[in-house]
Structures are given as C-alpha cells and as structure tokens.
Amino acid sequence: MKKIEKLEMVEISKYFHTTRANYKVSFSIESGEILGLLGENGAGKTTLMNILYSLIQSDEGEIRINGETVRLHSPKDAIQRGIGMVHQHFMLIQNHTVAENIALGFEEAPFFFPAGHVAKKIEEFSRIYGLKVNTQEKIWQLSAGEQQRVEIVKALIRGVDLLILDEPTSVLTPQESKELFSILRRMAGNGHSIIFISHKLEEILSICDRVLVLRRGEIVGASSVQSTDKRKLARMMVGRDIIFDFEKEHIERGPLILEVKELIVPGDRTERAVKGVSFKVYKNEIFGIAGVSGNGQRELIEVITGLRRASGGSILINGKDITNASARLVSDQGISHVPEERIKFGIVPNLFIYENTVLKRHHNKRFSKMLFLNYQTIKSHAESIVKDFQVTAPSINTPIKNLSGGNIQKLILGREITGEPTLLVAAHPTYGLDVGATEYIRRQLLERRGKGIAVLLISEDLEEIFELCDRIAVMFEGEIMGILPTQEANIEDIGLMMAGSRK
Amino acid sequence: MKLRIRIDHRIDASPSLQVTVLLFSLLAGLFTVGMVFAASRVNPFLALWKIFSGSFGSLYGIKETITKAIPLILIGSGLALAFRARFWNIGAESQLLMGAICATWIGLNWGPRLPGPIIIPAMFLAGFLGGALWAMFPALLKVKFGINEVISTLMLNYVAAELLTLLIVGPWKGVTQQGFPYTDDFPASATLPLLYGSRIHYTTLIIAVFACVLLFMLIYSTKFGYELRVIGENIEAARYAGIDFMRNTVIMMLISGGMAGIAGVGEVAGIHHHLTYPQAISSGYGFTAIIVAWLAKLNPIAAIASGLFFAGILVGGDAIQISLGLPAATVQVFNGILLFFLIMGDFFLNNRVILSLERKE
C-alpha cells in the first residue's frame with residue numbers, strides 16, 4: 001500500500017451521551033512532521049486519536065489519506081493503512097518476551113516459532129532508530145521506558161507510517177524522555193509522521209514542528225512552534241491566563257509528626273519493594289517523594305496507611321508505633337489518605353455522593369448510632385464538603401460516578417481534610433486533572449500546610465513537587481536516593497536521582 | 001445501505017427505564033419460552049395461559065403458590081444480601097437441607113418432651129444455625145484462602161444431599177415408615193399449624209415477610225449494610241476504607257445461609273413432617289431463588305413479589321405437566337430462559353445501543 005504522504009481528519013465530531021468530545025475538528029499532517037496535540041485532560045485529545053486509530057468511530061466527519069477518503073473499521077484496518085498508536089498504558093503481555101509480544105498478531109510472522117523470525121527484524125529496526133531492546137527479556141523485567149520502546153518497535157515492524165503517542169513521557173524520567181525525543185526525531189527524519197499528545201507545554205515546544213490546541217473538543221489554536229511560546233499556548237489551552245508560580249510563604253516547620261525508620265516492605269511479586277527507607281515529616285511541612293512510578297512509592301504509601309504489612313522497620317506517628325496497624329486504626333490515628341487511582345480506590349462509583357463522603361469514617365460516633373447510620377448528619381456533612389470544596393454536582397443524591405475526575409478528586413480531598421488529620425498522605429493528587437482543578441488542589445494543600453497539617457506528597461510531576469514541597473526525597477528501586485531542601489534542589493539533579501544516582 | 005450498530009456506555013438509567021427494561025426482559029423471555037412450547041407442538045398461548053390459570057387462576061392454585069413462595073422468599077432475600085456483597089452463593093440448596101436436618105434432630109429428640117411454643121422456636125433457631133454454619137465454610141474458605149465461592153458452595157450442595165440421604169437410610173431411618181427411607185414423623189408439638197384447607201404454614205410465611213423487612217433495613221440503614229455495599233461495589237475502596245472484609249463476609253453468609261436454613265425448617269415441619277429425600281424436601285428452591293433475588297434487583301422486599309411470581313411458575317408448571325403432558329424439566333427451562341433474559345436486560349441498562357443506517361458510497 002502507498003505510504004502516507006498526507007493525512008487529513010476533516011470535520012470530525014464525536015458525542016458521548018450529551019457531552020461533545022470532539023466537534024468539527026479538522027487538521028492535516030504530512031510525512032516527516034511531528035505534530036503536537038495539546039490540551040487539558042478531558043479536552044478530547046485521546047478521543048480524537050482513538051478515532052484516527054479506529055478504536056472508536058466518529059459520529060461525523062471523515063479521514064483522508066493522500067487526498068483519498070478512507071473508511072477504517074478497526075485498529076487492524078488502521079495498522080494496515082499505516083497508522084499506529086502507542087497508548088499511555090502499554091498493551092503488552094507481562095510474562096512473554098519482547099520478541100513474543102512483537103510477534104503476537106503480526107501477520108508476517110510464521111506459524112511455527114514466530115518469535116525467532118521476528119527477532120532479526122527487531123534488531124534491524126533497533127539499529128536504524130537507536131531503539132535499544134533485548135528481544136529475549138520478559139516484559140515485566142523491563143522499565144517503563146523500555147516497554148515503550150517495545151511498543152514503538154511493534155508499530156514500526158508492522159510498517160506504520162504515522163505513529164500516535166499518547167502522553168508518552170508520563171512514565172519516563174527526564175533523561176528517558178530525552179532519549180525518546182531523539183528516537184522520534186530520527187523517525188521523522190526517515191519520513192515517518194508523528195502525532196504527540198501531551199498536556200506539558202515544554203515538551204511540545206521542544207519536540208514538535210507544529211502544535212494544535214484542543215479545548216472542550218474543539219481546535220482553539222494551531223501554530224508552528226517557532227511562532228508561539230509557553231504563555232500563549234497555556235492561554236489557548238485553558239482559555240485564560242494561568243499563574244505558573246505559586247507564592248509559597250515561608251513557614252517554620254513544627255514538631256515531628258511522622259517518622260519512618262528502616263522500613264522494608266514486600267511487593268506483589270518481589271520480596272522487597274521498599275528496601276530500608278527512613279525519613280521524617282514535620283508539622284507545617286510538605287514532604288515530597290519524587291520518582292518514576294513503580295519504584296516502591298505505592299508499597300510505601302500502602303504500608304503507612306495500613307493497607308500492606310511491612311517485613312521490617314517501623315512507622316511512628318506522634319511518637320506512637322503504628323507499624324502494621326489496620327487501615328481503620330491508622331485512619332483513627334489522624335492519618336488521611338488521598339489515594340492514587342482515585343476511581344479504583346478512593347470512591348465507590350455506584351453509591352451516592354453522600355455515601356461516599358463518609359467512606360472510612362462511617363463508624364465514627366458523629367455518623368452512626370449503635371448499628372445504624374445517621375443519614376441526616378451524613379447528608380449535611382456531604383452538603384458542606386460539596387460547598388466548601390467547590391464540587392460541581394447536580395445534587396448529593398447522585399451516584400458519584402457521574403462526576404468528572406476533577407470533582408471526584410475535590411470531594412475525596414474534602415473528605416480527607418475535613419477529618420482534621422495530623423498527617424495527610426497524598427498520592428499523585430493532581431494526576432490526570434485539568435489545570436483548573438490542579439491549581440485548586442495545590443492551593444488547598446498549601447493552605448493546609450499553613451494550618452498545621454503535615455503532608456506527605458507522592459508525585460511524578462516534578463513541577464508539582466517543586467511548587468509545593470519544603471523538602472524533596474527521590475525514590476529509586478525501593479530506596480531513597482537523597483533528601484534535599486527544595487531551595488537547594490534543581491531539576492537536573494532530581495532527574496539523575498530518579499534514574500538511580502545518589503546525592 | 002448498511003446497518004450500523006453502535007454501543008455507548010450509559011451513565012445513568014432512570015427508574016422508568018429500569019422498569020421498561022425489566023418488562024421487556026420478561027416479555028422477551030416469555031416469547032422465547034413460547035418458542036420452546038411451539039417446538040414441542042404445544043400452543044404457546046395455551047401453555048402460558050395454563051401456567052397462569054394453574055397458579056393464580058383458582059383458590060387451590062393461589063394456596064399452592066403461596067406455599068411454594070415461602071421458601072423462595074426466604075432464600076431469595078438471603079441471596080439478595082449475599083449478591084449485594086458480590087458473594088455468589090450457589091449453595092442455598094444445601095443450606096436449606098442443613099436447616100431441615102438440624103430442625104429434624106430437635107423435632108425428633110425434644111418434640112415428645114417439650115410443648116409446641118418451645119419446640120417450634122427451637123427448631124427455627126436450630127435450622128437457622130444449621131444453614132448459617134454450612135454457609136460459613138465457603139465464606140471462610142474464600143476470605144482465608146481465596147477459594148472461589150461459586151465452586152465451594154455448589155459442591156457443598158452434593159455433600160449436604162448425600163449426608164441427608166445417609167441419615168434417612170441409616171441412623172435416622174424411621175421404624176414406623178415401613179421400610180421407606182424417611183425419619184419417623186414429628187410429634188404434633190413439632191409440626192407447624194396450617195392455614196385452614198391449605199398447606200400454607202403461616203408461621204414460616206410471617207417469619208419470611210418479617211425477615212425481608214429486616215434485611216431491607218439491614219442493607220440500607222445500618223453500618224453493616226453500608227460496609228457490605230461498599231465491599232460489593234468496590235472491594236479496593238473497602239480495603240482503603242479499612243472495612244473488615246473477613247468479618248463482614250462471614251457474618252453476611254451466616255445470615256444468608258440462615259435464611260435458607262429457616263426455609264428448610266418450614267419444609268420439614270410444615271409440609272412433610274419428617275425428613276425425606278433431598279429432592280422431595282426441596283425441588284430446587286435454592287437455585288430458583290437465585291432468579292428470585294435477581295428479578296427483585298437484590299431488594300429483599302421486592303423478593304416477596306418475585307418469590308410469588310416464580311412460585312406461580314412452579315405451580316403452573318406442575319399443572320401443564322398434567323394437562324398438556326409436558327416433561328417435568330419444562331419449568332427448569334422456563335426459569336433458565338427467564339434468568340438469561342433478566343441478566344441480558346442489565347446490559348441495556350448499562351449501555352445504549354444505537355442503530356443507524358449508513359449509506360455506502
């Protein structure tokens with residue numbers, strides 16, 4: 001089939017229920033071009049690209065390749081026509097080798113020993129594009145960056161001309177991102193077209209030739225990267241000026257709240273996911289733990305909040321040992337928890353909003369009498385959270401799953417803060433939220449720090465870490481690489497520590 | 001022209017839509033059942049009419065329907081509780097049998113010595129405990145070792161049935177039953193009074209209705225019910241919220257199994273007055289009640305209505321066996337098809353299906 005010289009999406013519209021995910025979106029991309037697709041979460045970037053990759057069908061509009069209208073019914077059609085996509089969450093089989101994963105579903109692979117045949121081809125591609133992959137390793141042994149490379153090779157080997165990358169840097173260290181960018185540049189040099197989805201302005205500016213800005217499903221701006229800057233893009237993306245620097249007032253830290261000593265925690269598959277970690281968090285302080293996900297942060301949080309058992313070391317809150325206490329006991333000790341993957345852990349989607357506002361605390365005297373729940377106080381409690389934390393909801397009698405991600409997170413934060421905790425553990429609190437909600441959540445965290453809460457913040461977002469934290473620790477492979485006061489830290493050092501060098 | 005089918009996720013289903021979907025599921029189910037009748041060369045309308053008139057069309061039919069509804073309501077509301085917590089209790093049949101066995105033991109050993117007002121509550125209590133303890137095993141196996149409850153509860157059905165058979169052909173075999181594998185008949189003090197001119201053992205019926213109301217309150221207004229719903233809807237959130245999965249699951253199964261145990265007491269003390277073959281004590285009530293709970297949308301009070309509905313099908317099914325000469329398995333087919341369509345109906349509550357015609361260029 002003829003190579004894609006020019007691809008156009010024309011007047012694409014897509015509706016979900018009553019919301020407009022995309023509305024009359026038109027753009028084109030030519031071979032050798034890197035096109036940035038910028039927008040807040042929920043702006044419709046991924047939907048648009050899923051339409052191009054034919055994971056979903058548009059309601060209106062058409063796709064043209066080299067000027068000719070094409071009808072793609074499934075990702076298989078898309079790949080055959082030369083369109084590939086690397087998703088934010090990799091679609092790889094953990095227990096298979098790299099070669100087996102790439103051979104899977106690859107039509108040119110022979111029936112017998114497909115992986116062996118494919119291995120040669122993989123090495124060829126690796127050489128051309130500088131994609132280092134070991135074909136014999138199992139996927140679970142690979143880092144996120146390596147898995148991403150496998151996904152890219154998987155697309156290239158299928159003869160893809162146009163590659164869509166959905167938030168590719170969200171799982172990478174700054175150094176790995178640089179590597180990815182050089183691979184992408186080589187691909188573009190070889191005549192591939194690349195669509196790069198991101199909500200990070202710097203990345204778009206550093207890698208793309210042109211950028212499209214999506215807001216509420218519509219294209220609100222298009223420009224070459226030379227003729228724009230961060231502030232202009234941000235204004236287009238959000239629809240108003242946003243402040244990049246929070247004013248963080250200096251506060252003297254108070255007494256010691258949380259002390260973690262030589263903590264050892266088993267992982268799901270490994271014997272040790274956290275290998276002897278020690279740190280202290282004080283009152284009026286935001287203590288940040290940076291690092292790429294999967295380096296023991298989740299296990300560390302789970303142990304502190306009573307969801308996992310430590311195999312060694314201890315955790316003290318206000319001097320009291322709570323190592324391996326139950327989740328309820330930990331919560332009763334004044335430790336609040338804003339969990340990662342808020343929908344999976346933080347709420348019960350089918351229950352009403354008011355029922356969700358007492359998750360963890362329904363057994364408190366305030367909300368229950370003997371065996372029964374006091375729905376009257378629960379409802380007024382819910383009303384006040386919705387009001388105080390600016391949650392946009394039709395009513396508290398709605399299932400919480402009908403709220404947007406930002407509003408769910410505001411509600412969770414509200415629920416966790418109104419308990420007047422001594423320590424707030426916040427895991428990726430703004431992950432996947434739009435700029436408005438992100439700003440709000442960050443302000444709330446700073447405000448609570450002022451009011452005397454100790455905050456343990458776990459985040460992959462270095463911007464967030466630098467903005468909010470008083471001290472920054474970096475985790476790598478279950479260990480803390482170093483703890484720096486924010487004033488003394490710079491982003492390069494933190495990046496290197498994220499990749500395993502000690503400070 | 002080409003027909004295009006699109007499936008979108010539906011966010012909220014209005015109450016009127018829920019009722020519509022329910023009615024359509026039932027209608028579609030009845031239509032399919034009608035096809036089965038037609039395939040057996042029986043006029044489907046006649047067969048459905050006979051089922052209806054057999055169960056609700058005469059005083060005798062109504063009395064029989066209520067009699068059969070008693071175990072279905074008891075078990076169905078108990079299963080509603082278990083299914084709320086996403087615990088797939090397929091073992092109500094055996095929990096019923098264990099309830100019957102325990103009640104029999106009390107009835108035979110203590111019946112001759114104690115008056116009715118003491119022996120009857122004692123039998124119900126023993127039956128509840130029997131069902132509860134039998135249900136506790138799969139609950140413990142699940143929370144302690146992660147053993148799938150579908151398998152364990154299902155397999156325990158066979159164990160309980162064989163245990164019961166062993167008792168009635170062996171140690172408990174009655175001396176007055178002329179060699180039949182029954183226990184001796186219960187003394188009068190250990191049998192339940194019947195509504196005049198029927199087989200309705202109203203004591204059990206009252207317990208059933210009362211229990212449905214209690215279970216409804218348990219689910220919607222207690223801490224325990226809240227925790228169960230959180231566990232059922234999102235086990236990860238339950239863990240995060242510090243809800244004790246083990247404790248709640250075990251207590252829930254004690255109640256769910258206990259309800260089936262009470263149904264077993266009603267059957268032996270109200271109908272048979274002795275322990276007999278497993279198939280005679282329960283004609284698959286434990287399984288039919290799964291559909292009862294499902295049709296009631298896991299609402300214990302609605303289980304009263306859906307229990308009556310399925311009891312009607314059982315009674316009407318007996319009627320068409322005789323009048324139309326259809327095999328006994330017809331009722332099972334009937335129930336199976338209805339459950340199938342009820343579950344399919346849920347798909348339409350969670351998704352919107354959009355049909356459109358597309359012009360081919």
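The rules behind the values
Residues numbered from 1 in each chain as written. Chains lettered and ligands numbered in written order. Predicted model: local features only at pLDDT ≥ 70, side-chain atom pairs only at ≥ 80, totals over all residues. Heavy atoms only, no water. Helix = DSSP H or I, 4+ residues; strand = E, 2+ residues; numbered from the N terminus. Rg over C-alpha atoms; globule rule 2.2 N^0.38 Å. Buried < 20%, exposed > 50% of the residue type's maximum accessible area, 1.4 Å probe, protein only. Contact = heavy atoms within 4.5 Å. Phe/Tyr/Trp six-rings, centres within 6.5 Å; stacked < 30°, edge-to-face > 60°. Lys NZ or Arg CZ within 6 Å of the ring centre and 35° of its normal. Axes fitted to C-alpha atoms, helices over the stretch in contact; angles between N-to-C directions. Parallel < 35°, antiparallel > 145°, perpendicular 65-115°, else oblique. Left-handed = near helix turned anticlockwise from the far one by under 90°. Nonpolar A, V, L, I, M, F, W, Y, C, P; charged D, E, K, R; others polar. Core = buried A, V, L, I, M, F, W, Y, C linked by side-chain atoms within 4.5 Å. Domains from an automatic or database assignment. Salt bridge = Lys/Arg side-chain N within 4 Å of Asp/Glu carboxyl O. Expected span 1.5 Å × (residues − 1). Buried area = accessible area lost by both parts, 1.4 Å probe. Polar contact = N/O pair within 3.5 Å; in protein donor to acceptor, adjacent residues only side chain to side chain. Pairing = 2+ DSSP bridges.

Student: Just checking my understanding: could you explain the overall build of chain A for this structure?
Tutor: What chain A contains, in helices and strands, is 17 helices and 22 strands. Radius of gyration (C-alpha) of chain A: 24 Å, near the 23 Å computed for a compact globule of 503 residues. Along the first, second and third principal axes, the C-alpha atoms of chain A reach 70 × 45 × 45 Å. For chain A, with 503 residues in total, the buried portion stands at 56%. A separation of at least 24 residues holds for 67% of the contacts in chain A among residues at least 6 apart in sequence.

Student: Even after reading the chapter, I still don't get the packing of aromatic side chains, so can you show me in this structure?
Tutor: Each aromatic ring pair is specified by the distance between its two centres and by the angle formed by the two planes. Throughout the structure, instances matching the rule amount to 16 aromatic pairs over all chains. Ring centres of A:F181 and A:F196 lie 5.8 Å apart, and the angle between their planes is 70°; this geometry places the pair in the edge-to-face category. Remark: A:F196 occurs in strand β8 (residues 193–198) and A:F181 occurs in helix α6 (residues 174–189); sequence separation between them is 15 residues. A:F196 carries the same exposure label as A:F181, and that label is buried. Their ring planes at 90° and their centres at 5.2 Å tell us that B:F309 and B:F310 sit as a pair that is edge-to-face. Using a relative accessible area of 0% as the deciding quantity, one classes B:F310 as buried. In this structure an aromatic cluster arises from ring pairing among A:F352, A:Y354 and A:Y375. We note B:R113 situated over the ring of B:W110; from NZ or CZ to the ring centre the distance is 4.9 Å.

Student: I would appreciate a short explanation of the packing of helix α3 (residues 59–84) of chain B against helix α13 (residues 302–324) of chain B in the present structure.
Tutor: If you want to describe how two helices pack, look at the angle between their axes and the distance between the axes. All names here are of chain B. With their axes 7 Å apart at the nearest point, α3 and α13 run at an angle of 130° to one another. Relative to α13, the element α3 lies oblique. Considering how the two elements wind past one another, α3 and α13 form a crossing that is right-handed. Contacts from G61, E64, T65, I66, K68, A69, L72, I73, G76 and S77 in α3 reach A303, I304, G307, L308, F310, A311, G312, L314, V315 and D318 in α13. Looking at the contact of α3 with α13 residue by residue, the class counts come to 11 nonpolar, six polar and three charged.

Student: Would you take a moment to explain the nonpolar core for this structure?
Tutor: Side chains of a nonpolar character, in soluble globular proteins, are inclined to be buried together. By size, the foremost hydrophobic cluster in this structure holds 89 residues, and its most contacted members are B:I75, B:M123 and B:M252. Considering every element that reaches this core, the biggest residue donor is α3(B), with 11 residues. The residues contacting B:M252, other than those within four sequence positions of it, are B:L81, B:A82, B:A85, B:F87, B:F224 and B:L228. Counting residues in each nonpolar core, the second largest holds 60 residues, with A:A382, A:Y440, A:I453 and B:V230 among its members.

Student: Even after reading the chapter, I still don't get the domain arrangement of chain A, so can you show me in this structure?
Tutor: Examined at the domain level, chain A breaks down into domain 1 (1–82 + 161–175 + 182–240), domain 2 (96–158) and domain 3 (256–498). Centre-to-centre separation of domain 2 of chain A and domain 3 of chain A, based on C-alpha positions: 38 Å.

Student: Could you clarify how one ought to interpret the pattern of salt bridges in this entry?
Tutor: Two side chains bearing opposite charge may form a pair once their charged atoms approach each other closely. Residue and element names in this part refer to chain A. The tally for this structure, following the rule as stated, stands at 32 salt bridges over all chains. Among the ionic pairs, K45 bridges to E167, the shortest N-O distance being 3.8 Å. Residue K45 is located in helix α1 (residues 45–52), and its partner E167 is located in the loop between β7 (162–166) and α6; the two are separated by 122 residues in the primary sequence. When sorted by exposure, K45 lands in the same class as E167, which is buried. We note a salt bridge from R253 to E285, for which the minimum N-O separation is 3.9 Å. Residue R253 is found in the loop between α8 (230–238) and β11 (256–265), and its partner E285 is found in the loop between β12 (274–282) and β13 (286–290); the two are separated by 32 residues along the sequence. Residue class for R253 comes out partly exposed when judged on its relative accessible area of 42%.

Student: Before we go on, may I ask you to explain helix α13 (residues 375–388) of chain A in this structure?
Tutor: For the α-helix, the turn length of 3.6 residues means that residues three or four positions removed from each other point alike. The end-to-end C-alpha distance of α13(A) is 20 Å, a good match for the 20 Å that 14 residues give at a rise of 1.5 Å each. Where the residues of α13(A) are buried, they touch α12 (353–356), β18 (372–373) and α14 (405–417) of chain A together with α7 (202–221) and α8 (223–233) of chain B. Backbone geometry just downstream of α13(A) places A:Q390 in the positive-phi region, at approximately 50°.

Student: Hey, could you run me through the interface of chain B and chain A in this one?
Tutor: One frequent convention defines the size of an interface as the accessible area lost when the parts assemble. With 27 residues of chain B at the interface, the matching set in chain A holds 39 residues. The junction of chain B with chain A conceals about 2900 Å² of combined surface from both sides, 52% of it contributed by carbon and sulfur atoms. There are two salt bridges connecting chain B and chain A. The salt bridge involving B:E227 is made with A:R328; its shortest N-O contact spans 3.0 Å. Our count for the chain B to chain A interface comes out at 18 residue pairs in polar contact (both at pLDDT 80 or more). Its residues assigned to classes, the side of chain B that touches chain A shows nine nonpolar, four polar and 14 charged.

Student: How do you make sense of unusual backbone geometry when you look at a structure like this?
Tutor: In most cases, non-glycine residues show a negative phi, while peptide bonds are predominantly trans. Of note in this structure, A:E477 is not a glycine but carries a positive phi near 45°. Topologically, A:E477 is positioned in the loop between β21 (471–476) and β22 (479–485). By relative accessible area, A:E477 is classed as partly exposed at 46%. Its identity is not glycine, yet B:R41 carries a phi of approximately 60°, on the positive side. Inspection of the secondary structure assignment puts B:R41 in the loop between α1 (15–39) and α2 (44–56). Its relative accessible area of 79% is what places B:R41 among the exposed residues.

Student: What is the right way to look at the sheet that holds strand β19 (residues 423–427) of chain A in this model?
Tutor: Residue and element names in this part refer to chain A. Ordered in space as β16-β19-β20-β13-β21-β22, the six strands form an open sheet in which the pairing is mixed. Of all the strands in the sheet, just β16 (335–338) and β22 have a single pairing partner and so form its edges. Here the strands of the sheet are splayed against their neighbours by 15° on average, with no regard to which way each runs. Taken together, the four bridges between β13 and strand β20 (residues 454–458) define a ladder with parallel strand orientation. Bridge pairing links G288 to L457 in β20. Most of the contacts of helix α15 (residues 435–450) go to β13, to which it runs at about 135°, and overall it touches β13, β19 and β20.

Student: I keep staring at the side chain of A:E33 and nothing clicks. Help me out?
Tutor: Residue and element names in this part refer to chain A. One can find E33 in the loop between β2 (19–30) and β3 (34–39). With relative accessibility at 15%, the residue E33 sits in the buried group. Within the local environment of E33, its side chain forms a polar contact with the backbone nitrogen of E30, the two atoms lying 2.9 Å apart. For E33, the contacting residues outside a window of four places in its chain are H192, S193, I194, D209 and R210.

Student: Looking at this structure, how should I read the pairing of strand β14 (residues 312–317) of chain A?
Tutor: Across a regular strand the side chains alternate sides, sitting on one face of the sheet and then on the other. Residue and element names in this part refer to chain A. Judged by how many residues are buried, β14 sits mostly within the fold: five of six residues are covered. Bridge count between β11 and β14: five bridges; the pairing is antiparallel. Note that in β14 the partner of E259 across the bridge is L316. Inspection of the sheet shows β14 paired to strand β15 (residues 320–321) by two bridges, in the antiparallel sense. Of the residues in β15, the one forming a bridge with L316 is D321.

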